[in-house]
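For reference, the chains in residue letters:
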Protein chains: 2
Amino acid sequence: MQVIENLPPCPVETTLLLMGDKWKVLIVRDLLTGTKRFGELKKSLNGISQKVLTSHLRTMEKNGLITRKVYPQVPPKVEYTLTEVGESLKQVHDAMLDWGSIYKSKYSTKTSRV
Amino acid sequence: MQVIENLPPCPVETTLLLMGDKWKVLIVRDLLTGTKRFGELKKSLNGISQKVLTSHLRTMEKNGLITRKVYPQVPPKVEYTLTEVGESLKQVHDAMLDWGSIYKSKYSTKTSRV
DNA sequence: CTGTATCCTTCCAGATACTG
DNA sequence: CAGTATCTGGAAGGATACAG
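Criteria and cut-off values
Residues numbered from 1 in each chain as written. Chains lettered and ligands numbered in written order. Predicted model: local features only at pLDDT ≥ 70, side-chain atom pairs only at ≥ 80, totals over all residues. Heavy atoms only, no water. Contact = heavy atoms within 4.5 Å. Buried area = accessible area lost by both parts, 1.4 Å probe. Salt bridge = Lys/Arg side-chain N within 4 Å of Asp/Glu carboxyl O. Polar contact = N/O pair within 3.5 Å; in protein donor to acceptor, adjacent residues only side chain to side chain. Helix = DSSP H or I, 4+ residues; strand = E, 2+ residues; numbered from the N terminus. Nonpolar A, V, L, I, M, F, W, Y, C, P; charged D, E, K, R; others polar. Near = heavy atom within 4 Å. Phe/Tyr/Trp six-rings, centres within 6.5 Å; stacked < 30°, edge-to-face > 60°. Buried < 20%, exposed > 50% of the residue type's maximum accessible area, 1.4 Å probe, protein only. Lys NZ or Arg CZ within 6 Å of the ring centre and 35° of its normal. Pairing = 2+ DSSP bridges. Axes fitted to C-alpha atoms, helices over the stretch in contact; angles between N-to-C directions.

1. Section: the interface of chain A and chain B
Turning to step 1, where the next piece is worked out: Opposite the 48 residues of chain A that make contact, chain B presents 48 residues.
Turning to step 2, where the next piece is worked out: Summing both partners gives a buried area of about 4400 Å² for chain A against chain B, and 69% of it is carried by carbon and sulfur.
Turning to step 3, where the next piece is worked out: Taken as a group, W99, Y103 and Y107 of chain A account for 17% of the area that chain A buries against chain B, more than any other trio of residues on that side.
Turning to step 4, where the next piece is worked out: Run the count over chain A and chain B and you get four salt bridges.
Turning to step 5, where the next piece is worked out: Among the salt bridges present, the one from E84 of chain B reaches K106 of chain A, with a minimum N-O distance of 3.8 Å.
Turning to step 6, where the next piece is worked out: Along the contact surface separating chain A from chain B lie 16 residue pairs in polar contact (both at pLDDT 80 or more).
Turning to step 7, where the next piece is worked out: Where the side of chain A that touches chain B is concerned, the elements lending two or more residues are α1 (11-19), α2 (22-31), α5 (84-87) and α6 (90-107) of chain A.
Turning to step 8, where the next piece is worked out: Counting residues per element, the side of chain A that touches chain B draws most heavily on α6 of chain A, at 15 residues.
Turning to step 9, where the next piece is worked out: Here the side of chain A that touches chain B is composed, by residue class, of 25 nonpolar, 14 polar and nine charged.

In structure tokens form, the structure reads like this:
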């Protein structure tokens, strides 16, 4: 893992630096329910491209948020799991979940159907 | 205020839709300490351009997160304040603050000086 | 002071094709 | 299956000038 030098003094900005991205938040959302394979993530993250998913996973691995385990077999199997620090993002995720619910109950007359 | 139709079913995605932006989070951070004038925000949000700040403030106002009060005087004075729903973003902000602190204490040997 | 109005650049996401 | 390599388009943001 590559430690990032010179993180912003403001912890909020540090969080934004590491997680200030729509896809990263959704990746964490999915991994919070357990280890996932590349293909599972891609399917769950509706609309993400392989390139973008790979790129985000690499960055998050580098930042110590997830671990990547490759099974040397054909066809390949790769699993992604949250690290301990990654797991601790659950508080952020839950706060966003709560707030989204509050907002919807307050301002939304209907929600979209999937 | 303009209610957004068809918010995503997932509350986390709803939050991302409304707040999934670096600048918006920082605007909330600043307004959580109280009402601010346009110029105060611009100064505090180091590096943001007028155009971008204006645009974000307009969107957040439209979404019911902040209120905009114009004092009819010369030179103009405009104040921005969090609404009740905007204030409730404090939980999200605090979670990000906590997590950023955790991450820094775990992985950062030093922090940048301002 | 608090904006609009343009222009310009950059970057990231998306599509596609190919590989071990 | 899980990538890498390119190419491309468009949106977001920055710079600047001007206005009420």
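2. Structural notes on the protein's contact with DNA strand C
Turning to step 1, where the next piece is worked out: Looking at DNA strand C, there are 19 residues lining it, with K51 of chain A together with G39, Q50, R68 and Y80 of chain B nearest.
Turning to step 2, where the next piece is worked out: A share of 54% is what sugar and phosphate atoms reach among the atoms of DNA strand C within 4 Å of the protein.
Turning to step 3, where the next piece is worked out: At 2.4 Å from a base oxygen of DNA strand C is found a side-chain nitrogen or oxygen belonging to K51 of chain A.
Turning to step 4, where the next piece is worked out: Residue G39 of chain B places a main-chain N or O atom 2.8 Å away from a phosphate oxygen belonging to DNA strand C.
Turning to step 5, where the next piece is worked out: A total of four residues in the surface near DNA strand C trace back to one element, the largest contributor, which is helix α4 (residues 50-62) of chain B.

3. Quick notes on the packing of aromatic side chains
Residue and element names in this part refer to chain A.
Turning to step 1, where the next piece is worked out: Under the criterion given, the structure shown has four aromatic pairs over all chains.
Turning to step 2, where the next piece is worked out: Geometrically, the ring pair formed by W99 and Y103 is tilted, given 5.3 Å between the ring centres and 35 degrees between the ring planes. Here W99 and its partner Y103 are both found in helix α6, four residues apart, which amounts to about one turn of the helix. You'll find W99 and Y103 in the same group, each marked buried.
Turning to step 3, where the next piece is worked out: Of the aromatic side chains, those joined through ring pairs into one cluster are W99, Y103 and Y107.
Turning to step 4, where the next piece is worked out: Positioned above the aromatic ring of W23, the side-chain terminus of K22 is 4.5 Å from the ring centre.

4. Describing the pairing of strand β3 (residues 77-82) of chain B
Residue and element names in this part refer to chain B.
Turning to step 1, where the next piece is worked out: Bridging between strand β1 (residues 36-37) and β3 involves two bridges; their strand directions are antiparallel. Among the inter-strand pairings, R37 is bridged to a residue of β3, identified as E79.
Turning to step 2, where the next piece is worked out: Strand direction decides the pairing type here: strand β2 (residues 66-71) and β3, joined by six bridges, are antiparallel. When the bridges of β3 are listed, V70 appears paired with V78.

5. Here we look at the sheet that holds β1 of chain B
All names here are of chain B.
Turning to step 1, where the next piece is worked out: Strand order in the open sheet made by the three strands is β1-β3-β2, with antiparallel pairing throughout. The strands lining the two open edges of the sheet, one partner per strand, are β1 and β2.
Turning to step 2, where the next piece is worked out: Set on the sheet, helix α2 (residues 22-31) makes contact with β1, β2 and β3; between it and β3 the angle comes to about 95 degrees.
Turning to step 3, where the next piece is worked out: Seen against the sheet, α4 touches β2 and β3 and runs at an angle of roughly 115 degrees to β2.

6. Things to note about the environment of Y71 of chain B
Residue and element names in this part refer to chain B.
Turning to step 1, where the next piece is worked out: With respect to the helices and strands, the residue Y71 is situated in strand β2.
Turning to step 2, where the next piece is worked out: The spacing of Y71 and K22 is 49 residues in sequence and 29 Å in space, taken between C-alpha atoms.
Turning to step 3, where the next piece is worked out: Residues within four places of Y71 in sequence aside, it is in contact with P76, K77 and E79.

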